[in-house]
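Here's the letter readout for the chains.
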Amino acid sequence: MTSVVNTSSLDFDQPGSPDRARFGNATALTCRECGARFELGGQHACTECFGPLEVSYHVPQVSRASIAAGPRNIWRYASMLPVPADIATRRTTEPGCTPLVLADNLARELGMRRLWVKDERANPTHSFKDRVVAVALAAAIELGYKVLACPSTGNLANAVAAAAARAGIEAVVLVPANLEPEKILASAAYGCKLIKVDGGYDEVNRLACELAEERDDWAFVNVNVRPYYAEGSKTIGFEIAEDLGWRLPRQIVVPVASGAQLVKIDKAFREVRKLGLVDVDVPEPVRVFGAQASGCAPVVAAYAAGQDVVQPVKPDTIAKSLAIGNPADGPFVLDVVRRTGGSVAAAPDDEIVDAIRLLAATEGIFGETAVGVTLAVLRRLLAAGELDPEAETVLINSGDGLKTLNAVSGAVVVPEPIKPSLREFAALYASSPDNR
Ligand SMILES: *Cc1c(COP(=O)(O)O)cnc(C)c1O
Ligand SMILES: [Zn+2]
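Residues numbered from 1 in each chain as written. Chains lettered and ligands numbered in written order. Predicted model: local features only at pLDDT ≥ 70, side-chain atom pairs only at ≥ 80, totals over all residues. Heavy atoms only, no water.

J.: Tell me about the environment of Pro 176, residues and numbers included.
T.: Looking at the secondary structure, you find Pro 176 in strand E7 (residues 170–176). Residue Pro 176 is classed as buried on the basis of its relative accessible area of 5%. Considered as a pair, Pro 176 and Thr 153 are 23 residues apart in the sequence and their alpha carbons are 7.1 Å apart. Non-local contacts of Pro 176, meaning those with residues more than four positions away in its chain, are made with Ser 152, Val 197, Gly 199, Gly 200, Tyr 201 and Val 204. (Helix = DSSP H or I, 4+ residues; strand = E, 2+ residues; numbered from the N terminus. Buried < 20%, exposed > 50% of the residue type's maximum accessible area, 1.4 Å probe, protein only. Contact = heavy atoms within 4.5 Å.)

J.: Which residues make up the packing of helix H5 (residues 155–167) against helix H6 (residues 181–189), and what are the values?
T.: Two measures define how a pair of helices packs: the angle their axes make with one another and the distance between the axes. Where H5 contacts H6, the axes come no closer than 8 Å and their chain directions differ by 10°. In this view, H5 runs roughly parallel relative to H6, as classed from their interaxial angle. Contacts from Asn 155, Ala 157, Asn 158 and Ala 161 of H5 reach H6 at Lys 183, Ala 186 and Ser 187. For the contact of H5 with H6, a count of residues per class yields three nonpolar, three polar and one charged. (Axes fitted to C-alpha atoms, helices over the stretch in contact; angles between N-to-C directions. Parallel < 35°, antiparallel > 145°, perpendicular 65-115°, else oblique. Nonpolar A, V, L, I, M, F, W, Y, C, P; charged D, E, K, R; others polar.)

J.: Kindly report on the side chain of Arg 357, identifying the contributing residues and their values.
T.: Counting through the fold element by element, Arg 357 comes out in helix H13 (residues 349–363). Of the side chains with opposite charge, Asp 354 comes closest to the buried, unpaired Arg 357, at an N-O distance of 5.7 Å. Setting aside residues up to four positions removed in sequence, Arg 357 forms contacts with Val 408, Ala 411, Val 412, Asn 435 and Arg 436. (Lys, Arg positive; Asp, Glu negative; His and termini not counted. Salt bridge = Lys/Arg side-chain N within 4 Å of Asp/Glu carboxyl O.)

J.: Could you give an account of the packing of helix H4 (residues 129–142) against H5, naming the residues involved and the relevant values?
T.: For the pair H4 and H5, the least separation of the axes is 9 Å and the interaxial angle reads 45°. Put simply, H4 runs oblique to H5. The way H4 lies across H5 gives a crossing that is right-handed. Contacts between H4 and H5 pair Lys 129, Asp 130, Val 133, Leu 137 and Ile 141 from the former with Asn 155, Leu 156, Ala 159, Val 160, Ala 163 and Ala 167 from the latter. When the residues that make up the contact of H4 with H5 are grouped by side-chain class, the tally is eight nonpolar, one polar and two charged. (Left-handed = near helix turned anticlockwise from the far one by under 90°.)

J.: Could you give an account of the sheet that holds strand E9 (residues 218–220), naming the residues involved and the relevant values?
T.: Within a sheet, each strand pairs with its neighbour through backbone hydrogen bonds, oriented either parallel or antiparallel. Strand order across the open sheet formed by four strands is E8-E7-E6-E9, with parallel pairing between neighbours. If you trace the sheet from one side to the other, it starts and ends with strand E8 (193–197) and E9, each paired once. Adjacent strand axes in the sheet meet at a mean angle of 20° when their direction is disregarded. Sheet topology note: the strand E6 (residues 147–151)/E7 ladder contains five bridges and is parallel. (Pairing = 2+ DSSP bridges.)

J.: Residues and numbers for empty space enclosed by the protein, please.
T.: Applying the stated criterion across every chain yields a total of three cavities of 30 Å³ or more. Considering only enclosed or pocket space, the largest cavity measures out at about 300 Å³ in volume. Considering the residues around the largest cavity, the lining is formed by 30 residues, among which Phe 128, Lys 129, Tyr 229, Ala 257 and Ser 258 are closest to the centre. Broken down by secondary-structure element, the contributors of at least two residues to the lining of the largest cavity are H4, H5, helix H8 (226–231) and helix H10 (260–274). Residue classes in the lining of the largest cavity are distributed as 15 nonpolar, twelve polar and three charged. (1 Å grid on protein atoms, 1.4 Å probe; cavity = no way out; pocket = protein on both sides within 12 Å on 5 of 7 lines; lining within 4 Å. Points joined across faces, edges and corners; volume = space filled by probe spheres on them.)

J.: Describe the coordination of the zinc ion (ligand 2), with residues and values.
T.: Around the zinc ion (ligand 2), the donor atoms from the protein are Cys 31 (SG), Cys 34 (SG), Cys 46 (SG) and Cys 49 (SG), and they sit 2.3 to 2.4 Å away. In this structure, the zinc ion (ligand 2) is coordinated by four donor atoms arranged in tetrahedral fashion, with angles at the metal of 98 to 116°. We classify Cys 31 as buried; its relative accessible area is 5%. Given a relative accessible area of 31%, Cys 49 falls into the partly exposed group. (Donors = N, O, S within 2.8 Å, 3.2 Å for Na, K, Ca; no water. Tetrahedral: all angles 85-135°; square planar, octahedral: opposite > 155°, others 65-115°.)

J.: Describe the pattern of salt bridges, naming the residues involved and giving the relevant values.
T.: Evaluation of the coordinates by the stated rule reveals 31 salt bridges. Salt-bridge contacts for Arg 64 lead to Asp 279; the nearest nitrogen and oxygen are separated by 3.0 Å. Highlighted residues: Arg 64 in helix H2 (residues 64–68) and Asp 279 in the loop between H10 and strand E11 (287–293), separated in sequence by 215 residues. Residue Arg 64 is classed as partly exposed on the basis of its relative accessible area, which comes to 32%. Classification of Asp 279 as partly exposed rests on a relative accessible area of 46%. The salt bridge involving Glu 392 is made with Arg 247; its shortest N-O contact spans 2.8 Å. Here the residue Glu 392 occupies a position in the loop between helix H14 (369–383) and strand E13 (393–397), and Arg 247 occupies one in the loop between helix H9 (234–243) and strand E10 (251–255), the gap between them amounting to 145 residues. Judged by its relative accessible area of 11%, Glu 392 is buried.

Have a look at this one:
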């Protein structure tokens, strides 16, 4: 496990000239531990210290107007991503521009003044993973890879299979055998090689890392092209800023599996400030809070113990999309929440189910188990006085409840059918619970 040297400096305006046709304004891969720089390529770890690599950029020529003139998807932010200049004209799945929903009913229920839900169900395969896969696919094609592959906790498999179908290339997805059937079947429907593995995600990931060594023309989106993949999550932060009228919220609560999403949303907030895209009315950073399930909370354990390293755990939770026991970006999550005045916390499975139903019943947003985790943790942070109920807050809904239906099956009442008669209707109507 690695500890953090420095993730807080933004890496614009470094030496090196961008290859605009292939990678936009990106100039290099830089080690997040020791700062060593490498050419843009299919490399994810530093050859000096084995630290993870991150994309560096030339300062982009970008303005609110140039973004507004772009397409209604993540490619409106192409100048801040490692993608070819003509990316918007290529065959991609076109994720992004998902709704930022003002959640007044939920806010009232929780005693908060102003709460927004960033609703990632609106992506092509119904989770935020379409964003990261679209960026990874663009890089994979530029780097000459022939197959798009991944180890997945479910949503990533859907996104990889769909994006590869659009681009007309082969997809191979590796998933834990005990995954939700909705996620497994949907991946197969997009037409991919589907490999179910006996074991949890961490075993699946280990196999994928071995395969990535062996198959040198396969792009494993979250392994060998991970530096590009991870940048895709910045677009969540860019959209939140743009949807708020180029302002930033004061607090955000984000689910944590590998931790990449949380780390990149923070990076996006810092980039839009540095590039002068947002009106900065307060000097403080956006407070970033991370959410894990109690049954898989290695980052929370490290945070509580005041440590910089994250000890792996064996996951046991209904939140399968977050069930990564050995999170690659765990140390960077710790860095972000400590630097911004946030924290990380966990909630148990029963509260996760309650929270899924609370969001659905107050706002009409049926999210998957991951949002159950995120909202349950938000409630705990409020109760603990860590989250300020008066401050403008964003909650990430990262995926769709229709993919994790079983999680709520024991918690709602579906009555037996009646005869089509007014009398039977009246009897059932009077006795049936309203499931609130
Ligand atoms: C993958 C996933 C996450 C976590 O993303 P990381 O970047 O790995 O932390 C959160 N929610 C859903 C629905 C996911 O599929
Ligand atoms: Zn290094």
